[in-house]
Amino acid sequence: MNFTFDSKSTQKSYFKSEDYFPVMIVFSEEELNSHFIQFSLWPTDMFELCVNSKTHVLKKLVFTLCNHVVVHNDQKITYPEHQEGCIKVSGPESNNYGIFITHIFTDGLRIELSDTPAVRHLKCGQLIFAFDPDNNLVSLYIVDLTEKDMNHIIKELRHKQVLN
């Protein structure tokens with residue numbers, strides 16, 4: 001996986017409520033020139049990053065499968081200091097992880113992809129990417145979610161019978 005970061009430009013994003021998808025973070029509605037990169041613990045947990053196939057600029061995150069969940073009742077998400085900017089992503093279409101745990105807070109999510117500690121955190125819109133010393137993605141934070149956004153996430157996870 002190759003992640004590049006431009007701190008001179010930023011991207012705005014928004015949460016989109018969509019049936020059957022617990023989380024969709026949109027940076028661009030453009031449908032053309034899309035390339036999807038899958039991050040998963042197949043076949044139980046998965047999110048996809050949609051990037052522009054020419055520029056590799058992030059267009060969308062779609063969280064599609066979620067079965068390993070930890071709920072942190074009445075706790076707000078906390079996250080480390082980070083740089084803000086624009087992330088570009090390129091690499092293989094499928095990336096499988098040995099760990100994929102989704103932590104649910106009252107105002108965000110953290111997807112844990114590795115036991116390796118993060119040393120660098122980069123924020124793009126509502127996403128914070130956490131990297132280890134070798135620039136491998138070890139976790140992803142989805143932040144600045146409203147109560148309405150969180151209610152949609154909980155509803156979809158209950159519909160998928162992940163939560164009671």
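Above this text you will find the structure in question.
All of the points below concern the structure found in this document. (Residues numbered from 1 in each chain as written. Predicted model: local features only at pLDDT ≥ 70, side-chain atom pairs only at ≥ 80, totals over all residues. Heavy atoms only, no water.)

## Points about unusual backbone geometry
In terms of backbone geometry, most residues other than glycine have negative phi values and most peptide bonds are trans. Cis peptide bonds are those with omega within 30 degrees of zero, and the linkage from Trp42 to Pro43 qualifies with 10 degrees. Within the fold, Pro43 resides in the loop between strand S4 (34-41) and strand S5 (45-52). Although it is not a glycine, His56 adopts a positive phi angle of roughly 70 degrees. Within the secondary structure, His56 sits in the loop between S5 and strand S6 (58-65). Residue His56 is classed as partly exposed on the basis of its relative accessible area of 30%. Despite not being glycine, Asp144 has its phi angle at roughly 60 degrees, a positive value. Relative to the helices and strands, Asp144 is located in the loop between strand S15 (137-142) and helix H1 (147-159). (Helix = DSSP H or I, 4+ residues; strand = E, 2+ residues; numbered from the N terminus. Buried < 20%, exposed > 50% of the residue type's maximum accessible area, 1.4 Å probe, protein only.)

## Digging into the pattern of salt bridges
The tally for this structure, following the rule as stated, stands at six salt bridges. One salt bridge in this structure joins Glu29 and Lys16, with 3.9 Å as the shortest N-O distance. Of this pair, Glu29 sits in the loop between strand S3 (23-26) and S4 while Lys16 is found in the loop between strand S2 (14-15) and S3, placing the two residues 13 residues apart along the sequence. Owing to a relative accessible area of 41%, Glu29 belongs among the partly exposed residues under this scheme. One salt bridge connects Glu30 with Lys59, and the closest N-O pair in it is separated by 3.6 Å. Here the residue Glu30 occupies a position in the loop between S3 and S4, and Lys59 occupies one in strand S6, the gap between them amounting to 29 residues. Each of the salt bridges in this network shares a partner with another, and the network as a whole consists of Lys16, Glu18 and Glu29. (Salt bridge = Lys/Arg side-chain N within 4 Å of Asp/Glu carboxyl O.)

## Brief notes about the sheet that holds strand S12 (residues 109-112)
Two orientations exist for strands paired in a sheet by backbone hydrogen bonds: parallel and antiparallel. Spatially, the seven strands line up as an open sheet ordered S7-S11-S12-S15-S14-S13-S8, and their pairing is mixed. At either end of the open sheet lies a strand with only one pairing partner, and these are strand S7 (69-71) and strand S8 (83-84). Here S8 runs beside strand S13 (residues 120-124); their pairing, made up of two bridges, is parallel. Among the inter-strand pairings, Gln83 is bridged to a residue of S13, identified as Leu122. (Pairing = 2+ DSSP bridges.)

## What about the nonpolar core?
Of all hydrophobic cores here, the largest spans 37 residues; its most connected members are Phe47, Leu61 and Phe129. When near neighbours in sequence (up to four residues on either side) are disregarded, Leu61 contacts Val23, Met24, Ile25, Phe47, Glu48, Leu49, Leu127, Leu140 and Ile142. (Core = buried A, V, L, I, M, F, W, Y, C linked by side-chain atoms within 4.5 Å. Contact = heavy atoms within 4.5 Å.)

## Digging into the packing of aromatic side chains
Under the criterion given, the structure shown has eight aromatic pairs. Ring centres 6.3 Å apart and planes at 20 degrees place the aromatic pair Phe63 and Phe100 in the stacked group. Of this pair, Phe63 sits in strand S6 while Phe100 sits in the loop between strand S10 (94-96) and strand S11 (101-104), and the two are 37 residues apart along the sequence. With a relative accessible area of 1%, Phe100 lands in the buried category. Linked through ring pairs, Phe39, Phe47, Phe63, Tyr97 and Phe100 together constitute an aromatic cluster. A cation sits over an aromatic face here: Arg120 above Phe131, 5.3 Å from the ring centre. (Phe/Tyr/Trp six-rings, centres within 6.5 Å; stacked < 30°, edge-to-face > 60°. Lys NZ or Arg CZ within 6 Å of the ring centre and 35° of its normal.)

## As for the state of the cysteines
Here a disulfide denotes a covalent bond joining the sulfur atom of one cysteine to the sulfur atom of another. According to the stated counting rule, one finds zero disulfides in the structure shown. Here Cys86 is not cross-linked by a disulfide; its sulfur's nearest cysteine counterpart is in Cys124, at 5.3 Å. Given a relative accessible area of 7%, Cys86 falls into the buried group. Judged by its relative accessible area of 0%, Cys124 falls in the buried class. (Disulfide = S-S within 2.5 Å.)

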